[in-house]
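# Coordinate inspection notes
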Amino acid sequence: MNSPTLIRLLGITAMAALLSACNSNPPRGPQCSLPEGPHLDQAVSAARFDLETGCEERFQEYFQRLLVIAEGDPKKENKARFSEFLVWANQEGLLSKRQAREIYNRYFGVKYVSLIGDYSVCSHTCPRQSQVVADMQRELADKEQGLLKVSADRRAYHRANRLFQETELVLEATCSACGAVE
């Protein structure tokens, strides 16, 4: 074997060894695998572990997965489980108190967090009326998931739905009156 061929062969062998070494040592990072299974309590424990060990930036994905898991066994006690989870998330610094409260109320409360504000209806809400109603419709879908599918609280969901319809009607009348005044 001549010298250039031998050098090429050694280079290829060294490159193969390096590539194989890279593949045998996967990067060490958090294993952020969303919880599975039908048991909410086990899923919450798994989510807490992951969120404490490097997966905190995926909080929203974990929360959504927990909702889907809870849909498999809807019961009123699930509201308390989600409340406890959100309190824990606040204590761990994953969410502020306000964020935790808004998330809970978005899914499990009757009132609409998308309407909260200290703004004048005529000057702030009416120019964005269609956006406000669309935000409320999305929130109503979240309330359907939280109140009906996760908590089996049909009564609270119907109250939230009625509040949506009444608010939409009042907002339309108020914005019409604001236009007549201006």
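Check the entry above for the structure.
Presented here is an overview of the structure given in this document. No experiment lies behind these values; they were computed from the predicted model shown.

## As for the layout of surface pockets
Put simply, the largest pocket is a space of about 320 Å³. Lining the largest pocket we find 15 residues, and of these S114, L115, I116, T125 and V132 sit closest to its centre. Taken together, the elements giving at least two residues each to the lining of the largest pocket come down to α6 (121-125), α7 (129-150) and α8 (154-181). Per-element accounting of the lining of the largest pocket gives the leading share, four residues, to α8.

## A word on the pattern of salt bridges
The tally for this structure, following the rule as stated, stands at eleven salt bridges. Where K76 meets D153, a salt bridge forms, and the shortest distance between an N and an O atom there is 3.6 Å. Of this pair, K76 sits in the loop between α3 (59-71) and α4 (77-91) while D153 sits in the loop between α7 and α8; the two residues are 77 residues apart in sequence, bridging distant segments of the chain. The exposure class of K76 is exposed, given its relative accessible area of 51%. Taking the shortest distance from any N to any O, the salt bridge between R106 and E139 comes out at 3.8 Å. Here the residue R106 occupies a position in helix α5 (residues 97-108), and E139 occupies one in helix α7, the gap between them amounting to 33 residues. The exposure class of E139 is buried, given its relative accessible area of 0%. Beyond isolated ion pairs, a larger network of salt bridges with shared partners links R106, E139, D142 and K143.

## Section: the environment of K79
When you line up the elements, K79 lands in helix α4. Sequence separation of K79 and D153 is 74 residues, and the distance between their C-alpha atoms is 9.6 Å. Those residues in contact with K79 that lie beyond four places of it in its chain are Y104, F108, L147, S151, D153 and A156. A polar contact of 2.7 Å, which involves the side chain of K79, links it to the side chain of D153.

Rules behind the numbers
Residues numbered from 1 in each chain as written. Predicted model: local features only at pLDDT ≥ 70, side-chain atom pairs only at ≥ 80, totals over all residues. Heavy atoms only, no water. 1 Å grid on protein atoms, 1.4 Å probe; cavity = no way out; pocket = protein on both sides within 12 Å on 5 of 7 lines; lining within 4 Å. Points joined across faces, edges and corners; volume = space filled by probe spheres on them. Helix = DSSP H or I, 4+ residues; strand = E, 2+ residues; numbered from the N terminus. Salt bridge = Lys/Arg side-chain N within 4 Å of Asp/Glu carboxyl O. Buried < 20%, exposed > 50% of the residue type's maximum accessible area, 1.4 Å probe, protein only. Contact = heavy atoms within 4.5 Å. Polar contact = N/O pair within 3.5 Å; in protein donor to acceptor, adjacent residues only side chain to side chain.

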